[in-house]
Amino acid sequence: AEWGGAVYVDEGSISKIEDTTVSDNRATDRGGGLFIDEGSRFEMNRVVFSRNTARLGGALYLDKAVLRHSASTIADNVALSGGGGFYMTTNSEFVSSSPFQPSEKRGLAKDEQEDFTKVSGNAVRAPEGEVAIGGAGFYINGRGFKLSGIRVVDSSSDRGGAVFIEKSSQGT
């Protein structure tokens with residue numbers, strides 16, 4: 001597939017997946033595991049994205065879309081250019097569907113934080129002779145983005161090992 005190696009969520013769709021593993025998929029361009037198109041709303045709970053590959057967004061690519069998440073894992077995915085874990089465009093949101101607000105989680109015991117989505121071990125690896133844009137955990141390109149309820153660890157890229165925010169981006 002060119003976009004959405006395993007799953008392509010069409011423009012304006014409302015979808016949900018739970019208790020699922022999306023692994024070992026490949027898109028030649030965007031979203032090795034999942035591509036969510038403009039205006040769509042997607043929810044994932046207890047989902048694992050692993051060993052997926054794409055040029056942009058090794059695991060996920062959000063194009064002006066909203067993804068609500070809880071207790072999921074995005075691990076060991078690879079982008080050839082940017083966003084090893086995922087790539088977000090203008091007005092995209094990757095926000096927690098947890099009942100706890102991110103500011104409330106700081107005081108919680110470790111076992112009470114299991115609703116966080118863990119982003120780990122993702123990488124950006126450009127083919128020989130090409131330059132990667134970065135963001136092994138996340139690559140954010142655009143204005144109006146939102147992120148919440150995530151932990152990013154052990155990600156590698158020449159620029160923005162955890163997060164790369166494009167210079168024109170603004171968000172929370």
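Residues numbered from 1 in each chain as written. Predicted model: local features only at pLDDT ≥ 70, side-chain atom pairs only at ≥ 80, totals over all residues. Heavy atoms only, no water.

*Asks:* I'd like a description of the sheet that holds strand β5 (residues 53–56), backed by residues and values.
*Replies:* Read across the sheet, three strands follow the order β5-β9-β13 without closing on themselves; strand pairing throughout is parallel. The open sheet has two free edges, formed respectively by β5 and β13 (123–124), since each of these has just one partner strand. With two bridges joining them, strand β9 (residues 78–82) and β13 adopt parallel strand pairing. Within the sheet, the bridge partner assigned to A79 lies in β13 and is V124. (Pairing = 2+ DSSP bridges. Helix = DSSP H or I, 4+ residues; strand = E, 2+ residues; numbered from the N terminus.)

*Asks:* Describe in detail the sheet that holds strand β1 (residues 7–9), supporting the description with residues and values.
*Replies:* One open sheet holds the six strands; their spatial order is β1-β3-β6-β10-β14-β17, and the pairing between them is parallel. Either end of the sheet is taken by a strand with one partner, and the two such strands are β1 and β17 (163–165). Each adjacent strand pair in this sheet contributes to an overall mean axis angle of 5°, direction not counted. Examined bridge by bridge, strand β14 (residues 138–141) and β17 share three bridges and lie parallel to one another. Across the sheet, the residue bridging to Y139 is F164, located in β17. (Axes fitted to C-alpha atoms, helices over the stretch in contact; angles between N-to-C directions.)

*Asks:* Explain the pairing of strand β7 (residues 66–70) residue by residue, including any values.
*Replies:* The buried fraction of β7 amounts to four of the five residues, a majority that puts the element mostly inside the structure. Here strand β4 (residues 41–50) pairs with β7 via five bridges, running parallel. Its bridge partner lying in β7, N45 is registered against S70. One ladder, built from four bridges, connects β7 with strand β11 (residues 93–96); its direction is parallel. For R68, the partnering residue across the bridge sits in β11 and is V95. (Buried < 20%, exposed > 50% of the residue type's maximum accessible area, 1.4 Å probe, protein only.)

*Asks:* Go over unusual backbone geometry, please, and point to the residues and values.
*Replies:* At R46, a position not held by glycine, the phi torsion is positive, near 55°. Relative to the helices and strands, R46 resides in strand β4. Given the relative accessible area of 41%, R46 is considered partly exposed. The phi dihedral of R51 falls on the positive side, at around 55°, and the residue is not glycine. Judged by relative accessible area, R51 falls into the partly exposed class, the value being 46%.

*Asks:* Outline the side chain of D37, supporting the account with residue identities and numerical values.
*Replies:* Of note, D37 is situated in the loop between β3 (34–36) and β4. K64 provides the closest opposite charge to the buried, salt-bridge-free D37, at an N-O distance of 7.6 Å. At 2.7 Å, the side chain of D37 and the side chain of Y8 are in polar contact. D37 has contacts with Y8, V9, D10, E11, D63 and A65, leaving out every residue within four places of it along the chain. (Lys, Arg positive; Asp, Glu negative; His and termini not counted. Salt bridge = Lys/Arg side-chain N within 4 Å of Asp/Glu carboxyl O. Polar contact = N/O pair within 3.5 Å; in protein donor to acceptor, adjacent residues only side chain to side chain. Contact = heavy atoms within 4.5 Å.)

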